[in-house]
Each structure stands twice: as structure tokens, then as C-alpha cells.
Amino acid sequence: MPGSEWEKIRHLLVVQDLQGQRTMPLQETTYSIGRDSRNAIVLRSRSVSRQHAILLRVTLPETDQYGFRIIDGNFKGKPSTNGLYVNGTKCFSHNLQHGDVVAFGNGQVQAKYYAISHISEKAFSETCEIENLSDLLLDQANPTNPFQTLIVDPNFEAASETALARLASFPELIPNPIIEMDLEGIITYLNPAAAVKFPQIREIGQQHPVLAGLLNAVEDRKINSFWREIKVDQEIFEQCIHYLPESDLIRTFIVRDITEQKQAEAELRQRDRLLQAVAEAANYLLVEMNYETGIDKALAVLGEAAQADRAYLFKNHPHLDTGEIAVSLQFEWTQINFTSSQHHWQNQLYQSSELVRWYGTLSCGQSISGSIREFPIVEQKLLARDGIQSLLLVPLRLDDKFWGCLGLADCSQERLWSRHEESTLLTMAASISGAWQRQQVQETIRHQALHDMLTGLPNRLLFNEILAKTLPNATRNSESLAVMFLDLDRFKVINDTLGHTLGDKLLQNVAQRLKQSLREGDTVARWGGDEFTILLPHVNYLDEVAQVAQRILQSLENIFCFDGHELYVSASLGIALFDEHSHDAETLIQHADAALYHAKDEGRNNYQFYTTTLSAKTPELLNLEKSLRYALEREELTVYYQPRVNIVTGTITGMEALVRWQHPEMGLVAPGVFIPIAEESGLIIAIGEWVLRAACKQNQAWQKAGLPPLTVAVNLSPKQFRQSTLVEDVAKILAETGLESRFLELEITESTAIADLDFTRNVLHNLEQMGVHLSIDDFGTGHSSLSRLQLLPLHNLKIDKSFIQELTTDVRVAHIVKAIVTLGRNLGLRLTAEGVEKQEELDFLKSIHCEDVQGFLFYKPLSAEKATEILQSKHSSCLETIE
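Here the structure is a predicted model, which means the values were calculated and not measured. (Residues numbered from 1 in each chain as written. Predicted model: local features only at pLDDT ≥ 70, side-chain atom pairs only at ≥ 80, totals over all residues. Heavy atoms only, no water.)

Q: Before we move on, can you summarise the overall build of the chain with the specific residues and values?
A: Along its length, the chain carries 30 helices and 39 strands. Scored against the burial criterion, the 883 residues of the chain give a buried share of 48%. Taking as baseline every contact in the chain between residues at least 6 positions apart, the subset at least 24 positions apart corresponds to 59%. Carbon together with sulfur atoms contributes 51% to the accessible area of the chain, which is approximately 44,400 Å² in total. (Helix = DSSP H or I, 4+ residues; strand = E, 2+ residues; numbered from the N terminus. Buried < 20%, exposed > 50% of the residue type's maximum accessible area, 1.4 Å probe, protein only. Contact = heavy atoms within 4.5 Å. Areas by Shrake-Rupley, 256 points an atom, 1.4 Å probe, with all protein chains shown as cover.)

Q: Tell me about the side chain of Gln239, residues and numbers included.
A: When you line up the elements, Gln239 lands in strand E16 (residues 235-244). What makes Gln239 buried here is its relative accessible area of 0%. Among the polar contacts made by the side chain of Gln239, one reaches the main-chain carbonyl oxygen of Val210 at a distance of 2.8 Å. Sequence-distant contacts of Gln239, that is, excluding residues within four places in its chain, are made with Val210, Leu214, Phe226, Trp227, Arg228, Ile230, Thr252, Phe253 and Ile254. (Polar contact = N/O pair within 3.5 Å; in protein donor to acceptor, adjacent residues only side chain to side chain.)

Q: A description of the side chain of His11 should follow, citing residues and the corresponding values.
A: Here His11 is to be found in strand E1 (residues 10-17). Residue class for His11 comes out buried when judged on its relative accessible area of 2%. One polar contact links His11 to Tyr113, side chain to side chain, over a distance of 2.7 Å.

Q: Explain the sheet that holds strand E21 (residues 368-371) to me, and be specific about the residues and the numbers.
A: Pairing in this open sheet of six strands is antiparallel, and the strands run E20-E19-E18-E23-E22-E21 from one edge to the other. Two strands in the sheet have a free side with no partner beyond their single neighbour: strand E20 (348-349) and E21. Of the pairings in the sheet, the one linking strand E18 (residues 310-318) to strand E19 (residues 325-334) comprises nine bridges and is antiparallel in character. Directly across from Pro318, in E19, lies its bridge partner Ile325. Helix H10 (residues 291-306) rests against E18, E19 and strand E23 (401-410) of the sheet, and its axis sits at about 65° to E19. (Pairing = 2+ DSSP bridges. Axes fitted to C-alpha atoms, helices over the stretch in contact; angles between N-to-C directions.)

Q: Which residues make up the packing of helix H13 (residues 419-450) against helix H14 (residues 460-476), and what values do they have?
A: Where H13 meets H14, the closest approach of the two axes is 6 Å, and the angle between their N-to-C directions is 90°. The pairing of H13 with H14 is recorded here as roughly perpendicular in orientation. In this structure, H13 uses Arg446, Ala449 and Leu450 to contact H14, whose residues at the interface are Leu461, Leu462 and Glu465. Tallied by class, residues from the contact of H13 with H14 come to four nonpolar, no polar and two charged. (Parallel < 35°, antiparallel > 145°, perpendicular 65-115°, else oblique. Nonpolar A, V, L, I, M, F, W, Y, C, P; charged D, E, K, R; others polar.)

Q: I'd like a description of helix H25 (residues 757-770), backed by residues and values.
A: In this model H25 runs 20 Å from its N-terminal to its C-terminal C-alpha over 14 residues, within 8% of the 20 Å that 1.5 Å per residue would give. Where H25 ends, the next residue or the one after it, Gly771, has phi of about 100°, a positive value. (Expected span 1.5 Å × (residues − 1).)

Q: Pulling in residues and values, what's your account of the environment of Arg385?
A: With respect to the element layout, Arg385 can be found in the loop between helix H12 (377-384) and strand E22 (390-398). Separated by 44 residues in the primary sequence, Arg385 and Ser341 place their C-alpha atoms 8.7 Å from one another. At a separation of 3.3 Å, a polar atom in the side chain of Arg385 contacts the main-chain carbonyl oxygen of His344.

Q: Give a detailed account of the packing of aromatic side chains, specifying residues and quantitative values.
A: Taken as a whole, this structure holds 18 aromatic pairs when the rule is applied. Between Phe463 and Trp527 the ring centres are 6.2 Å apart and the planes differ by 90°, which places this aromatic pair in the edge-to-face class. In this pair, Phe463 is assigned in helix H14 and Trp527 in strand E25 (residues 523-528), connecting sequence segments 64 residues apart. Classification of Trp527 as buried rests on a relative accessible area of 12%. With a centroid separation of 5.3 Å and an interplanar angle of 70°, the aromatic rings of Tyr641 and Trp702 are classed as edge-to-face. A residue pair is termed long-range when its members are at least 10 positions apart, and Tyr641 in strand E31 (residues 637-646) and Trp702 in helix H21 (residues 684-704) qualify at 61 residues. With relative accessibility at 2%, the residue Tyr641 sits in the buried group. Under the relative-accessibility criterion, Trp702 is labelled buried at 3%. A connected cluster of aromatic rings, assembled from ring pairs, spans Tyr312, Phe314, Trp345 and Trp358. Against the face of Tyr66 rests Arg57, its NZ or CZ located 4.5 Å from the ring centre. Positioned above the aromatic ring of Phe856 is the side chain of Lys860, whose terminal nitrogen or guanidinium carbon lies 5.6 Å from the ring centre. (Phe/Tyr/Trp six-rings, centres within 6.5 Å; stacked < 30°, edge-to-face > 60°. Lys NZ or Arg CZ within 6 Å of the ring centre and 35° of its normal.)

Q: Account for the pattern of salt bridges, with residues named and values stated.
A: Scanning all chains against the criterion turns up 29 salt bridges. Among the salt bridges present, the one from Arg373 reaches Glu414, with a minimum N-O distance of 2.6 Å. Here Glu414 lies in the loop between E23 and H13 and Arg373 lies in the loop between E21 and H12, a separation of 41 residues in the sequence. Taking the relative accessible area as the measure of exposure, Arg373 reaches 56% and is therefore exposed. One salt bridge connects Arg519 with Glu544, and the closest N-O pair in it is separated by 3.3 Å. Residue Arg519 is located in the loop between helix H16 (500-517) and E25, and its partner Glu544 is located in helix H17 (residues 542-555); the two are separated by 25 residues in the primary sequence. Residue class for Glu544 comes out partly exposed when judged on its relative accessible area of 22%. One salt-bridge network, in which partners are shared between bridges, spans Arg644, Glu745, Arg830 and Asp852. (Salt bridge = Lys/Arg side-chain N within 4 Å of Asp/Glu carboxyl O.)

Q: Talk me through the layout of surface pockets; I want residue IDs and the actual numbers.
A: Its boundaries defined by the atoms lining it, the second largest pocket holds a volume of some 950 Å³. Around the second largest pocket, the lining comprises 34 residues; the ones closest to its centre are Glu656, Leu658, Pro671, Asn715 and Asp777. Secondary-structure elements contributing two or more residues to the lining of the second largest pocket are strand E32 (652-663), helix H20 (671-681), H21, strand E34 (711-715), helix H22 (718-721) and strand E36 (773-779). Of the residues that constitute the lining of the second largest pocket, the class distribution is 13 nonpolar, 12 polar and nine charged. (1 Å grid on protein atoms, 1.4 Å probe; cavity = no way out; pocket = protein on both sides within 12 Å on 5 of 7 lines; lining within 4 Å. Points joined across faces, edges and corners; volume = space filled by probe spheres on them.)

Q: Please give an account of the nonpolar core that cites residues and values.
A: Residues Tyr641, Leu744, Leu746 and Leu845 are the most contacted members of the largest nonpolar core, which totals 80 residues. Among the elements that line this core, the one with the most residues is H21, at eight residues. Once residues within four sequence positions are removed from consideration, Leu845 is found in contact with Ile647, Ile804, Leu807, Val817, Ala833, Val836, Cys850 and Val853. (Core = buried A, V, L, I, M, F, W, Y, C linked by side-chain atoms within 4.5 Å.)

Laid out in C-alpha cells, this is it:
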């Protein structure tokens, strides 16, 4: 038997009342004694009070042992009726010693107290069953007997007043540990609860977490009472500390065990971190334009929030060799001190022994979670390569299709993944699946936006994009490149005679032959109609380009056979080389186009290189172009506004913005002179953007001045309209100027609209979605019809002034104008007649119900100041009429 067990003091109380004798081991901290059946020790006698006395366990000074004190009365301090006698002497309180006899009242009920040691637990239990314990103890007096009686230290009785003071707050009764320590760090008192809860505290002393740092804390603090949290092994407690300066003691009280609370708080914090991570990651997936960047950011946020070492996104795909379903690690995030494991996870077959369980589990929508030592051996070996100790995987699903999995790994410890972490990962998997779906849709949309639907070739937007990226590389590598413009000879004849279906098939086959004629790395695009553009990068010799051009022409010499028709097709090619004359993308295309028409002039079915003689200009035109290049920055351009008037009411319904050039030497330059130069030189793009911004800014200024809102119309040149960034540029200008889109009207000419109906429809649709009004300018001068224009999302139709000028002199023209107005109104378009200068013209237009007119009969183009005066005057007149 261990020594400590052998030396342990055992306490007994032998009770004698009217029902006989019984022996009770004293093991609790407190006992209530009385005749009421709810007492811990019930005494059967009417002479005993309902609650006669209290028996308290008291720690013996300087030891871990304890004795018992008996106190007369109940817990409220009310004494018993007949008193309490110990060894024949009446007393209020007494520290019991071995052999003490306690009488309750008149002596009908007595109890005898024993404290014994050097006895085993089994022997002690047997002792409690012996009827005549006094005889037994007399028998133990024999020296040969192992039982010994314990004599309590007599000084214990002398300390009764101090003990009673301590008992006033019942430290011995409460289940909370209480410890007292002096300023030397020596424990002066432990209550029973402390001795049980922290059995090693005396041996460990100040190093014990309960006492650690208390002396310094008391010295550093201005106040005598404070709280703190302590951790003992795996438990966390709330501790209250009181410094008693009058006695130089530190009393500490363990208020409560807050382990579960702290665990719950930690789980809540973890849940909050995970929820925040989900929201942040979802935002990245929605906002980030680049799918890969969005996934990288989402995994980083998730990994940090989950306090994992690795975060994975695996994607399923056919095996590169066998075609069986395989998986590869597509994205990975790691903590700073971990290296990437992507090379371990490429093209891994699901049917391998290491991954077959994964596929079976994940494909059914279930998760894989746990410590890897619980995984099959083959999986443990696979994961051990990356030092993984715990793994959590959830499936990535879209429309019930298992397309990959999302995972977290802990390489630092074995970890039991919480349900919050698993649900967070599942939520994140859903967000990533949605982002992946959006990316697939966006890729499809982008492909459709940048490729010709008929041939599958890049369209002009993508060709321009590729060319713009290739030019800097050519400059950096001191190489040249070539741009070819190809036009099929007499394709219109085939299309018109044999039909569009056969024409489409021909274009598809021509596209295939062109691709087969090119070198690796070359690009062919469908520019529109029967025109194709070709980019040859990495050109070092002129012969390389000539050889490709010759192969293209030869590839078209073979017969095309469709539906019993044998077709012979040839082409004309224009070629521009990247050099000092063709130094940017736009110029290259322009020069290739010029060379193409030179090839057609040379008899078709040939190729021609661009030379500077193809676009020779007079010195006057060159000087004018040079001046025009500086006109914008010198603020020589200005915008005039011509009002559009309602034919019935005479009110101004809109303004058309018209650019004017005030040359410092030549004076006012006619638009018919400088606009063609701007178109040819490419300056029209910058000028058109400036006019659009100025018109929007002026319209917004009118509205801020309190004038009635109206639309301002701006004409887009053909080149400006074909800019790939047109829609974005318009949106940007509207945002900068603050003008609402419904107060902007964009005009394109009829010929610009029908040049490429698919392209036109796409651009106008995007502008209409923004809320911009759209108009066809100079209608009647092209070769279209209203039936073709009805395919476009238009709002207004402007009849060219050439028709208006002949209204009163040519009956046929009058009939044409009337038909245009009637058909336009039937199509829901608003009609505006341009160039109205005579009253007779106005009367006729009014008779056929044309809504609006523009012309000198009402207003010439006005400066912004004059236009503002007229609008203010009209507004004032209107207000006076109302009053």
C-alpha cells in the first residue's frame, strides 16, 4: 500500500439514538445534523432540534490533512433548543479530537468521533460495519496490531477563533478552490476544494499556473483586487485575486471553470472568420475580372481563415494518354514556409489504388475528412509526400456533374475538422462552381465577340488586338511583320446568283484553305463580307511574305464543289510591311487596303506591296493635315449647335453638335475640307471623341442652368464607329460629364450602318442597352432600304437635305420623301428633315406628318453662347405663357 494512502487520516462518527447505533464515515465537507429527515445525519429523538448542529471539515494548518469542527445551531446562526455538549461541557463550537463524545440536548442522543490512520481503504470500510467500535479500538491498543489512533495537535484547538473567522464566509464549504499565499510565495491556506482540484499545488508552489506571476501582479497593480484567466493543463479558469495588505496575504479564488465557454468562443470566432472568408472570397469571385486571379485570392482568404497550411482546387479531366477520368491540381495556396506540391498532382488517374476511394466518395457528393493515419495505407503514402497530417476535401459540382474538388490540408498537426469548416468549404465550393460556370459563359461570349460566327476565324476586333500586341515584340526583336488585306474577286456575283447559303459555304472553305496556306504562328481573320486580313509576324526577308502570298493565291486555284456547282474563285492581295512608313496598326491596315485596291487595278488575282506612291498627297493637303494634328491641343476646334424644331409646335426638341475649325491663318475651314483629311489620317478618332465630350458637357451645363432637358445629337464617323472601344468610350464620357444617357443621341450614316450589318447591330444594341438614342443620318444617300434598317435598334431617321431641296421641283422626290416618312412612322421611328430652307418645304413636310425639321428656315448652326441665349429666351417665353 502506498505511503500516502497508509498515512491518510480516516474520520468516523458513531451515532447512538433511540433507533440504535450506526457508524458513519465522514468524507464530505459539511454535514447538517438534526431530527428533520432532510439533514445529512438524522437523529431520532424529540429532544433534538430540527437542525441541531453543523459538522464542518477544516484543513489542519501546515498540512494537507483535515479534521472536523462541530457548531451548535443551523446555517442561519440560530442555536439549538437543548444545546450541544462535548465531553460533558456545553459549547457553541468545538474542534473534534479522537474519542470526543458529543451529546445533543438531554443526553438521549450521543455521537463519538474517531480519527484513525495506518489503515487500508478496505479495512476502513469493514470498520464502518463493526457494531462495537469502542471495543475494536481497545483491541488495536495492542502494539502488535497495525491499527493506530491519531492524536490531533492540541494547537489546533487554540486556533479556533481564527478558524471561526475564516468559517464566517464558509471557505471550507464552497466547491470553489481558495488558496492563500504570503508575500514570500508560501501557501498558508488551501480549502478542501483547492486541495482536491490542484493536488500538486504545494509541491509546485509559485510555478503552478494558479500562483504564477501573482507576486509581480500584486506589486505592479494600484488596486488590491483584480481578475484574470488562467490555464491549468487543458482547463481554463476565471480567477479573482485579493491582496490583503493588513495581513500581507494574497487570497485567490477560482470563480468558475470557463473551459467550455472559451472553446465555444473560439468556435464562434472561427465560425466568424470562416463566414467573413466566404463573403470576401465570394466577392473576389464576383468582382475579379480574371477567373484565375479570383480563385487565387479566394483560396488565400479561405486558407488563412481556416488556419490551414494548404488550400487546393483540383479539376477533373480526361487523362492525356488514355482518356480515362483523371485529376490535376489546378490552383494551390500554401503558407509561406511550405513549397508548392502541384508537380505531385498532375494527370492522376482516379482509378489508381490511391484515388479510387476519393472518386467513389466525392462523386456521390460526400466529403473526405480526417487524420491521414485513419486513411488507407496507399493514400497515406500519397499524402506523406507533402507532409499532410490532416485533410478535408469536398466535391465541386455543377448541374449534378462532379468536376473537381476543393480541399484544406494541415501539415503541422493531426486535426479534427469542425462542421463549420466543412460547411464553409461546401459553401465556397458552390461559389467557385458558380464562378467557373460564369467563366465558361464569359469565354463563350468572348469567343463569339472576337470570332466570326460563319468561319470561326478571328474577327476584326481580335485581329486588331493581336496586331497591337505583336508590334512591340517586332520592335523589341528588331524584326518586321506584314499585314495582308485579301478580297475575293467577283464574290458578289456568286452570292447574288447562287444564293447566300452557297456563298456562306464558299467563305467557310476559303477560310480553311487560307489557314492551311499560312506558317505556324500566322493569323488570318475575317474582316467582313468577302474580305480577310492576315498577319505574318517574325518577318526577316521580303521573300517570306511573297511565298505566303503566292501559296494563298495557289490554294484558291483548285475548284470549289458545292451541291453540284463547280466554282472558280480568285483573290486580290494587298501587303503592307512594318517600317517607317507603316509604323502602327491602323496605318498598316490602311496601307494594306490601299495596296489591295492597287492589286485590283492591276487585273485582280495578284498581290501588291504598298509603296508611298500609292497615297501621295499634295503639299497643301500635307500642310493642312499637319495643322489639323495640332488643332486639338491648340484649342482651334469648337462645337456649334443647330436646333431641331418640332414642326407643329415650333419648340426646340434637340440640338445637333457640329465641329468647326478656326484656323489661325486660313480662318474658318469648311468641314467638307478637313473632315476627309481627318478620316484618312485617323485624326477623326480623337476629334470625334473631343466633340462627343464637349457636347455632353454643354448639354449637362444647360440642364444645370435650369433649362428644359433635351437631347444633343453627335455624328460618329465610320472609323470612330468601328473602334473596338466605342461603347466603353461613350460610357466613360457620360460618366465624366454626368449627363444621363437618354439625353445623348448618336448618329451614323446610312452607308456606315450597312457596311457590316452584324457588326452594326452588335454595337448599336450595346449602346441602346446603355439608354443612348440612335439615329441614321443622311438617309437616302446610300443603297439600303428601310427593310434592312429595321433590323437595327434605331430611334430616329434623318432625311438627307438633297431630297428636301428638290421637294418643290420634282414630284418623284416628293413621293419618295412621303414614302420614307410613312414607312419610318410605321416602323416606330421619329422623322427629321434636314436642310429645310423654304416655307413651301415646311408646308409639305407638315402635310405628310414629319415630326421634326432642321435648317436655315429656323436656325443656322449656333455657337454655344448663342444657342444658350435662344434656349433661355424660349424657356422664359414658355414660363410667361403659363403664368
